[in-house]
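# Tertiary structure, described
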Amino acid sequence: MNIILLKHGSKYTSSDVNKQVKSLKKFTNNDIFCFTEDSKGVIIDCIDIPRKPKLVRWWNKMHLFSNNFPLNGKCVLFDLDILVNENPFEYIEKIDWNYPTFIRRKSKMEKFFRKHSYDTELNSSILAWTSHQNTYIWDIFSKNIDYHTRKYKGIDRFFWHEDIEWRQFDHGISNTIDLQKDT
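Structure report, in brief. All of these numbers come straight from a predicted model, not from anything done at the bench. (Residues numbered from 1 in each chain as written. Predicted model: local features only at pLDDT ≥ 70, side-chain atom pairs only at ≥ 80, totals over all residues. Heavy atoms only, no water.)

## Some thoughts on the layout of surface pockets
In this structure, the second largest pocket occupies an estimated 280 Å³ of space. Glu37, Ile49, Pro50, Arg51 and Lys54 are, among the 14 residues lining the second largest pocket, the residues nearest its centre. Residues that form the lining of the second largest pocket fall into these classes: five nonpolar, four polar and five charged. (1 Å grid on protein atoms, 1.4 Å probe; cavity = no way out; pocket = protein on both sides within 12 Å on 5 of 7 lines; lining within 4 Å. Points joined across faces, edges and corners; volume = space filled by probe spheres on them. Nonpolar A, V, L, I, M, F, W, Y, C, P; charged D, E, K, R; others polar.)

As structure tokens, this is what we get:
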């Protein structure tokens, strides 16, 4: 299993990446990579974010579903703004690797859900998938990047509202981490 940390722009630093690496290494010996445009100071191997098409912020996660993504096999992305408190891998290893898998936050329906805003229960703070298996997702997205990035406020909403098959982690995975914010 490949573990990926996404660092883009200036919101997070190499120090944030390195802290997340140390927290994850307590629970796994799997390879950890940083998907970034700036590898300076990062203590793990890095994969360059493609320059074209140029995506911003969380939209860079869509590159993970491209046929050109350089890693093969099972992959898990961890956001840098989560705190890993307990072993999440016992939940990750149980998923159906044929589909992208998200944290599902049903409580978001009660607090935030507005149909006109394309709200969602999905949270991609931990996202698991098999590389090169669901490239149709990139194909849908890349055919009209401008439309999708204007219509949806992130990939979670894109997956929820487009005709894309996904799965959810067992709810217990939420007990292994602290989400810094509920977006």
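That covers the picture; the talk isn't over yet.
## Examining the pattern of salt bridges
Taken as a whole and judged by the stated rule, the model has three salt bridges. For Lys61, the salt bridge is made with Asp79, and the minimal N-O distance between the two is 3.0 Å. Residue Lys61 is found in the loop between β3 (45-48) and β4 (73-78), and its partner Asp79 is found in the loop between β4 and β5 (82-84); the two are separated by 18 residues along the sequence. The pair formed by Lys61 and Asp79 is uniform in burial state, with each residue classed as buried. We note a salt bridge from Asp146 to Arg150, for which the minimum N-O separation is 2.8 Å. Of this pair, Asp146 and Arg150 both sit in helix α5 (residues 145-151), four residues apart, which is roughly one turn of the helix. By relative accessible area, which is 44% here, Asp146 ends up partly exposed. (Salt bridge = Lys/Arg side-chain N within 4 Å of Asp/Glu carboxyl O. Helix = DSSP H or I, 4+ residues; strand = E, 2+ residues; numbered from the N terminus. Buried < 20%, exposed > 50% of the residue type's maximum accessible area, 1.4 Å probe, protein only.)

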